[in-house]
Amino acid sequence: MNIYGFTRNELEDIFDKIGEKKFKATQVYEWLYKKRVNSFDEMTNIKKDVIDYLKQNYNLNKLEILKKQVGNDVVKYLFKLEDNNKIEAVLMKHDYGNSLCVSSQVGCNMGCSFCESGRLKKVRNLEAYEIVLQILQVEEDLKIRITHVVMMGIGEPFDNYDNVIKFVKIVNDPKGIELGARHITISTCGIIPKIKEFMNLDLQVNLAISLHASNNELRSKLMNINKAYNISELLDVIKEYVNKTNRRVTFEYIMLKDVNDKEENAKELANILKGINCYVNLIPYNETSHIEYKKSSKETIMKFYDILKKNNINVTIRKEFGSKVSAACGQLRSNYEEETKWNMHV
Ligand code: SF4
């Protein structure tokens, strides 16, 4: 088993079971995440028989970096997992820090029509350690500290709820990576039962909702999830979430030319979001060769932005990260498949 997949509490229980003091688990955690050792032997304040036990039962295996594309403010990674499946992570350099977009599943079953990642059906969930390692390995490779993590890579995080929450606990631990909960964003297409569970956890983690449409007819065309949980049900639960947590929610809105970017969509969106403590993030679409949608023009995006602003909706436009580096999630993997005719586990 991979040692990066344990919360500190779980590691303490393991130490307890083998008759060791619990604080030894904290020391191991510090070796892993503060000092970033690559072997158990380097943990010099842990006794030899405990090291032997750890070596026999756990490993520190890493992911393999299969491909890396470097752009101006963006570095994109294709990782190979131990079972040969592949996932992506994208590092984006902002004024406020380094943000890593991580994957949570191999493929995705949600089938959003504009999404490159969703072209590969879900093969499996990522284990918590496979999400943790995306952070550790990008930090090691680029010799930087990641200050923000967004779960917007391949996969629907709430379709892998338990491992995603475990990942949050591991990276948020003050004895570990110590990434502030407020610097972590989970983005979901709107799985209502999981949003309800999540709001009761009392974590300070940010929640983003992939909305992408201003009415049910349009959203159902773009996103299958809307057939299970429609916009009004979704917004009801979001109001509940905001009331309970006192936290602001982000709505993601991909701007698709002549699909969801008309003035009437902006007005409709402003209307349905009225009174919700939120902001809208308008995302210029990253065109891909496999999907027919086109990106909205800058003028259209600005007009959409202005209408939301005029209607007192907080709104931002996401900085575009070099389409030259296949920045839309799923693109690097799918381009790689074509280049190498790799056999996916589908
Ligand atoms: S947008 Fe997200 S939820 Fe939808 S198919 Fe893509 S990865 Fe899955």
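The structure under discussion appears in the preceding block.
Residues numbered from 1 in each chain as written. Predicted model: local features only at pLDDT ≥ 70, side-chain atom pairs only at ≥ 80, totals over all residues. Heavy atoms only, no water.

(A) Quick look at the packing of helix 10 (residues 263–273) against helix 11 (residues 298–310). With their axes 9 Å apart at the nearest point, helix 10 and helix 11 run at an angle of 30 degrees to one another. With respect to helix 11, the element helix 10 is oriented roughly parallel. For the pair helix 10 and helix 11, the sense of crossing is right-handed. Contacts between helix 10 and helix 11 involve Glu263, Asn265, Ala266, Lys267, Leu269 and Ala270 on the former and, on the latter, Lys303, Phe304, Ile307 and Leu308. For the contact of helix 10 with helix 11, the class distribution of residues is 6 nonpolar, 1 polar and 3 charged. (Axes fitted to C-alpha atoms, helices over the stretch in contact; angles between N-to-C directions. Helix = DSSP H or I, 4+ residues; strand = E, 2+ residues; numbered from the N terminus. Parallel < 35°, antiparallel > 145°, perpendicular 65-115°, else oblique. Left-handed = near helix turned anticlockwise from the far one by under 90°. Contact = heavy atoms within 4.5 Å. Nonpolar A, V, L, I, M, F, W, Y, C, P; charged D, E, K, R; others polar.)

(B) How the structure looks around the site of the ligand. Around the ligand, a shell composed of Cys108, Met110, Gly111, Cys112, Cys115, Ser117, Gly118 and Gly155 is seen. Residue composition of the shell around the ligand, by class: 4 nonpolar, 4 polar and no charged. (Near = heavy atom within 4 Å.)

(C) Broad picture of the side chain of Asp173. Along the chain, Asp173 falls in the loop between helix 5 (161–172) and strand 8 (184–188). Within the structure, Asp173 has its side chain in polar contact with the backbone nitrogen of Lys175 (distance 2.7 Å). Excluding residues within four positions of it along the chain, Asp173 makes contact with Arg8, Tyr29 and Glu178. (Polar contact = N/O pair within 3.5 Å; in protein donor to acceptor, adjacent residues only side chain to side chain.)

(D) Summary view of the layout of surface pockets. Reported here for the second largest pocket is a volume of approximately 190 Å³. Surrounding the second largest pocket, Thr7, Arg8, Asn9, Tyr29, Asp162, Ile165, Lys166, Lys169, Asp173 and Pro174 form its lining. Those elements that place two or more of their residues in the lining of the second largest pocket are helix 1 (8–17) and helix 5. Element by element, the count of residues in the lining of the second largest pocket is highest for helix 5, at 4 residues. The residue makeup of the lining of the second largest pocket, split by class, is 3 nonpolar, 2 polar and 5 charged. (1 Å grid on protein atoms, 1.4 Å probe; cavity = no way out; pocket = protein on both sides within 12 Å on 5 of 7 lines; lining within 4 Å. Points joined across faces, edges and corners; volume = space filled by probe spheres on them.)

(E) Expanded view of the sheet that holds strand 4 (residues 97–101). Ordered by their spatial adjacency, 10 strands build an open sheet running 1-2-3-4-7-8-9-10-11-12, and the pairing between neighbours is mixed. Edge positions in the sheet fall to strand 1 (64–70) and strand 12 (314–317), since each has one partner strand and no second. In this sheet, neighbouring strand axes are inclined to one another by 20 degrees on average, regardless of whether the strands run parallel or antiparallel. Pairing analysis gives 5 bridges linking strand 3 (residues 86–94) to strand 4, with the strands arranged antiparallel. Residue pairing for strand 4: Val90 is matched across the bridge by Cys101. (Pairing = 2+ DSSP bridges.)

(F) The arrangement of helix 9 (residues 231–245) in detail. Taking 1.5 Å of rise per residue, the 15 residues of helix 9 would be expected to cover 21 Å, and the 21 Å separating its terminal C-alpha atoms lies within 8% of that figure. Every buried residue of helix 9 is listed here: Ile231, Leu234, Leu235, Val237, Ile238, Tyr241 and Val242. Buried residues along helix 9 cover an arc of 165 degrees about the axis, so they all sit on one side. At the C-terminal side of helix 9, Asn246 shows a positive phi close to 60 degrees. (Expected span 1.5 Å × (residues − 1). Buried < 20%, exposed > 50% of the residue type's maximum accessible area, 1.4 Å probe, protein only. Arc of directions from axis to C-beta.)

(G) Up close: helix 6 (residues 192–199). Residues of helix 6 that are buried: Ile192, Ile195, Phe198 and Met199. Axial view of helix 6: buried residues confined to an arc of 115 degrees, hence all on one face. The elements touched by buried residues of helix 6 are helix 5, strand 8, strand 9 (206–210) and helix 9.

(H) Highlighting the environment of Lys62. Its location among the elements puts Lys62 in the loop between helix 3 (48–57) and strand 1. Residues Lys62 and Lys80, spaced 18 residues apart in sequence, show a C-alpha to C-alpha distance of 9.6 Å. Every residue in contact with Lys62, bar those within four places of it in the chain, is listed here: Tyr4, Asn38, Leu133, Gln137 and Glu140. Looking at Lys62, its side chain comes within polar contact range of the side chain of Asn38, at 2.8 Å.

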